[in-house]
Amino acid sequence: MSGAAFDQLPYEEGRRWELVQGEMIAVSSATLEHQGIVLDLGANLRQYLRREPRGGVALDVEFALSDDNRLRPDLAILLGEHWTSVDRKKVPIPLAPDIAVEVQSPSARANDIMRKIRTYLAAGVQEVWQVAPEFQTVLIYRGAKSITVLEIGDSLSTLLLPGWELPLREIFTA
């Protein structure tokens, strides 16, 4: 399916979809744990970006990454020109976020997760953060061969957000 055809589909109550390499993928409903992580991480990033006006953070917004890819990261960070140039009243957003954050759901298939990560990176996303609540880890992808694994005792930080740091314990303890 093309992105243009996907964009024309009617909204279906209770069901969300993403388009990955032309294939429609159903996105499951989020658990309370999943939503708590997204909200805590998003709030922390939003506070930082208000203090350091480098860009903005968006929750669950659709991005048109290419003709056949429409993804909705749990969190997306847009920096600099990406943030100032985007039309905040329209979706899908026709560019790649600088950072895409995906919180893994228990029902997510490993194959689908990896396809999405590769799609983000191929579209120009600088970092993909894969948050795995079950293992209390965060994997940071900066390319197909650059993966950093953070565990519960570590802190999440990035060169893209100078001075920002968040202990993983703060997002994995509800």
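Notes on the structure follow. Just so we're clear, the structure is a prediction, and the values are computed from it rather than from any experiment.

### What about the nonpolar core?
So, step 1. Among the nonpolar cores identified, the biggest contains 25 residues, and Leu41 and Trp129 are the most heavily contacted of them.
So, step 2. For this core, the secondary structure elements donating two or more residues are α2 (32–51), β6 (75–79), β7 (99–103), β8 (127–132), β9 (137–143) and α5 (169–172).
So, step 3. When residues in this core are grouped by element, the largest group, six residues, is from α2.
So, step 4. Setting aside chain neighbours within four positions, we find Trp129 in contact with Leu41, Leu45, Ile99, Ala100, Val101, Glu102, Val138, Leu139, Ile140, Leu156, Thr158 and Trp164.

### Quick word on α2
So, step 1. The end-to-end C-alpha distance of α2 is 29 Å, a good match for the 28 Å that 20 residues give at a rise of 1.5 Å each.
So, step 2. All of the buried residues along α2 are His34, Ile37, Val38, Leu41, Gly42, Asn44, Leu45, Tyr48 and Leu49. The buried residues of α2 occupy one face: seen down the axis, they fall within an arc of 165°. In this structure, α2 carries Leu32, Leu39, Gln47, Arg50 and Arg51 as exposed residues pointing more than 90 degrees from its buried face.

### A word on the pairing of strand β2 (residues 23–27)
In regular strands, side chains alternate between the two faces of the sheet.
So, step 1. One ladder, built from five bridges, connects strand β1 (residues 16–20) with β2; its direction is antiparallel. Bridging from a neighbouring strand, Trp17 pairs with Ala26 of β2.

Basis of the calculations
Residues numbered from 1 in each chain as written. Predicted model: local features only at pLDDT ≥ 70, side-chain atom pairs only at ≥ 80, totals over all residues. Heavy atoms only, no water. Core = buried A, V, L, I, M, F, W, Y, C linked by side-chain atoms within 4.5 Å. Buried < 20%, exposed > 50% of the residue type's maximum accessible area, 1.4 Å probe, protein only. Helix = DSSP H or I, 4+ residues; strand = E, 2+ residues; numbered from the N terminus. Contact = heavy atoms within 4.5 Å. Expected span 1.5 Å × (residues − 1). Arc of directions from axis to C-beta. Pairing = 2+ DSSP bridges.

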